[in-house]
Amino acid sequence: MADHCFYCDTRRPKGGTNCLVINGGTQWLEFCQPCGERELIHNPEIGTVTVAELWLSLKEGRDPRPIDDDEI
């Protein structure tokens with residue numbers, strides 16, 4: 001990875017970003033920790049989750065924990 005956050009458009013130290021691959025591998029989202037905890041993804045099947053939560057749930061092989069509407 002280039003260690004370049006897609007959201008805030010900054011370079012990070014080596015290993016400072018993670019990469020979430022979605023839509024059957026057609027979309028790659030490289031993100032830093034602050035942006036991953038802030039940016040949201042909505043999917044009708046799972047609800048609204050942070051980018052970081054979706055990435056971590058896929059890494060751990062579990063269902064993501066959606067955010068309640070009152071938390072948004």
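Below is a summary of the structure that appears in this document. What you are looking at is a predicted structure, and each value in this text was computed from that prediction instead of being measured.

1. Comments concerning the overall build of the protein
Part 1 of the argument: Across its full length, the protein holds two helices and four strands.
Part 2 of the argument: Each helix (α) and strand (β) of the protein, taken in turn from the N terminus, gives the series β-β-α-β-β-α.
Part 3 of the argument: Each of the three principal axes of the protein carries a C-alpha extent, and together these read 35 × 25 × 20 Å.
Part 4 of the argument: Put simply, the protein has 72 residues, and 32% of those count as buried.
Part 5 of the argument: Pairs at least 24 residues apart make up 25% of the contacts formed inside the protein by residues separated by at least 6 positions.

2. Quick look at the side chain of Thr17
Part 1 of the argument: Locating Thr17 in the fold gives a position in the segment before strand E1 (18-22).
Part 2 of the argument: The buried category is assigned to Thr17, whose relative accessible area is 2%.
Part 3 of the argument: A distance of 2.6 Å separates a polar atom in the side chain of Thr17 from a polar atom in the side chain of Glu30.

3. Quick look at the pairing of strand E2 (residues 27-31)
Part 1 of the argument: As judged from the five bridges shared by E1 and E2, these two strands associate in the antiparallel manner. The residue bridging Cys19 from the neighbouring strand is Glu30, located in E2.
Part 2 of the argument: Connecting E1 to the antiparallel partner E2 that follows it, the hairpin turn spans four residues, and Asn23 within it adopts a positive phi of roughly 55 degrees.

4. Observations regarding the environment of Glu39
Part 1 of the argument: The topology assignment puts Glu39 in the loop between helix H1 (33-38) and strand E3 (40-43).
Part 2 of the argument: With relative accessibility at 25%, the residue Glu39 sits in the partly exposed group.
Part 3 of the argument: If sequence neighbours within four positions are ignored, Glu39 has contacts with Tyr7, Val49, Thr50 and Val51.

Reading guide: rules and limits
- Residues numbered from 1 in each chain as written.
- Predicted model: local features only at pLDDT ≥ 70, side-chain atom pairs only at ≥ 80, totals over all residues.
- Heavy atoms only, no water.
- Helix = DSSP H or I, 4+ residues; strand = E, 2+ residues; numbered from the N terminus.
- Buried < 20%, exposed > 50% of the residue type's maximum accessible area, 1.4 Å probe, protein only.
- Contact = heavy atoms within 4.5 Å.
- Polar contact = N/O pair within 3.5 Å; in protein donor to acceptor, adjacent residues only side chain to side chain.
- Pairing = 2+ DSSP bridges.

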